[in-house]
Amino acid sequence: MLELPRQMLDEIVAHARRDHPDEACGVVAGKDGRATRVIVMENAERSPTFYRFDAQEQLRVWRSMDDADEVPFVIYHSHTATEAHPSRTDISLASEPDAHYLLVSTRSETEEEVRSFRIVDGQVAEEALTVI
Amino acid sequence: MAIEVRIPTILRTYTDGQKAVEGKGDTLADLIDDLDSRHAGLKGRLITEQGGLHRFVNVYVNDEDVRFLGALETKLADGDSVTVLPAVAGGAERPARAAVTAGGSF
């Protein structure tokens, strides 16, 4: 299960809406199993169907989390025309087995569609998302 | 002196859970061969069958992305620090690029 404060979820959804129709991506840092801060990342691909963290920005952010004893707690990204479910590409490239993968779909302008998953060794498991 | 290599979580199965290991080599390619001699299988996760650096692995030498330094031919010296990070990437659909399928999954 993923517990996320309402304010953080709102920030993530707002980011996804802002970057629509391109995919948005970012991280929620965490410590001791709790979310600490949302880090909005650049989608280096600037694409409606693909995202990739900028390599230099990723190094900086990963270092800053290391220094603060944080981990990449949530990896989030948006799908802009399809459901909030990991795609084949998402699954084959998932590289943080300890992270929650949060998917936001912006296909509806009014409905908030957000789901959380674990992706380990190519296996996807949806988990409950609890807004606190 | 040696070269310190920081290993990401997903590859620590090859390093007995160690976050950082040491190695040696005059180039990044040499260093990866050296690491693979003690941490068998690591090379296969960093380098494709075609012999290039995997598209979805980021390698940094002293915090510089090796793609801008010379990739596998990047020169190394004792005391350098190497960081490996899997790229964070994905998307709704497979992009129409051969590199993604050729690179395989991370």
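Refer to the structure above for everything that follows.
Criteria and thresholds
- Residues numbered from 1 in each chain as written.
- Chains lettered and ligands numbered in written order.
- Predicted model: local features only at pLDDT ≥ 70, side-chain atom pairs only at ≥ 80, totals over all residues.
- Heavy atoms only, no water.
- Phe/Tyr/Trp six-rings, centres within 6.5 Å; stacked < 30°, edge-to-face > 60°.
- Helix = DSSP H or I, 4+ residues; strand = E, 2+ residues; numbered from the N terminus.
- Buried < 20%, exposed > 50% of the residue type's maximum accessible area, 1.4 Å probe, protein only.
- Pairing = 2+ DSSP bridges.
- Core = buried A, V, L, I, M, F, W, Y, C linked by side-chain atoms within 4.5 Å.
- Contact = heavy atoms within 4.5 Å.
- 1 Å grid on protein atoms, 1.4 Å probe; cavity = no way out; pocket = protein on both sides within 12 Å on 5 of 7 lines; lining within 4 Å.
- Points joined across faces, edges and corners; volume = space filled by probe spheres on them.
- Nonpolar A, V, L, I, M, F, W, Y, C, P; charged D, E, K, R; others polar.

*Asks:* Got a minute to help me understand the packing of aromatic side chains in this structure?
*Replies:* The tally for this structure, following the rule as stated, stands at three aromatic pairs over all chains. Considering the side-chain rings of Phe50(A) and Phe56(B), the 6.3 Å spacing of their centres and the 65° angle between planes classify their relative orientation as edge-to-face. Taken together, the positions of Phe50(A) in the loop between strand E3 (34-41) and strand E4 (51-52) and Phe56(B) in the loop between helix H2 (42-46) and strand E3 (57-61) put the pair across two chains. Take Phe50(A) and Phe56(B): they sit in the same class, and that class is buried. Every member of this aromatic cluster is reached through a ring pair, and the members are Tyr51(A), Phe53(A) and Trp62(A).

*Asks:* Would you mind going over the pairing of strand E5 (residues 81-86) of chain B with me for this structure?
*Replies:* Moving residue by residue along a regular strand, the side chains alternate between the two faces of the sheet. Residue and element names in this part refer to chain B. In terms of burial, E5 is a largely internal element, five of the six residues being buried. The sheet contact formed by strand E1 (residues 3-6) and E5 spans three bridges and is parallel. By the bridge assignment, Arg6 is partnered in E5 with Thr83. In this structure, E3 lies alongside E5, joined through five bridges in antiparallel fashion.

*Asks:* Sorry, what's going on with the nonpolar core here?
*Replies:* Soluble globular proteins tend to bury their nonpolar side chains together. The biggest cluster of nonpolar side chains holds 23 residues, and the ones touching the most others in it are Val5(B), Leu31(B), Leu46(B) and Val82(B). Going through the elements one at a time, E1, helix H1 (28-38), H2, E3 and E5 of chain B are the ones with two or more residues in this core. In terms of residue count, the dominant contributor to this core is H1(B) (five residues). Every residue in contact with Leu46(B), bar those within four places of it in the chain, is listed here: Leu11(B), Ile32(B), Gly52(B), Leu53(B), His54(B), Val57(B) and Val84(B). Residues Cys25(A), Tyr51(A), Met65(A) and Tyr60(B) belong to the second largest nonpolar core, which totals 20 residues.

*Asks:* Hey, could you run me through empty space enclosed by the protein in this one?
*Replies:* Any empty space left between atoms is shown by rolling a water-sized probe over those atoms. Under the definition given, this model contains two cavities of 30 Å³ or more. There is about 60 Å³ of room inside the largest cavity. Of all the secondary-structure elements, those providing two or more residues to the lining of the largest cavity are H1, H2 and E5 of chain B. When residues in the lining of the largest cavity are grouped by element, the largest group, four residues, is from H1(B). When grouped by side-chain class, the residues that make up the lining of the largest cavity number 12 nonpolar, no polar and no charged. Size it by volume and the second largest cavity reaches roughly 50 Å³. Sorting the residues of the lining of the second largest cavity by element identifies strand E5 (71-79) and helix H3 (88-93) of chain A as the ones contributing at least two each. Each residue belonging to the lining of the second largest cavity can be placed in one class, and the counts come to seven nonpolar, two polar and one charged.

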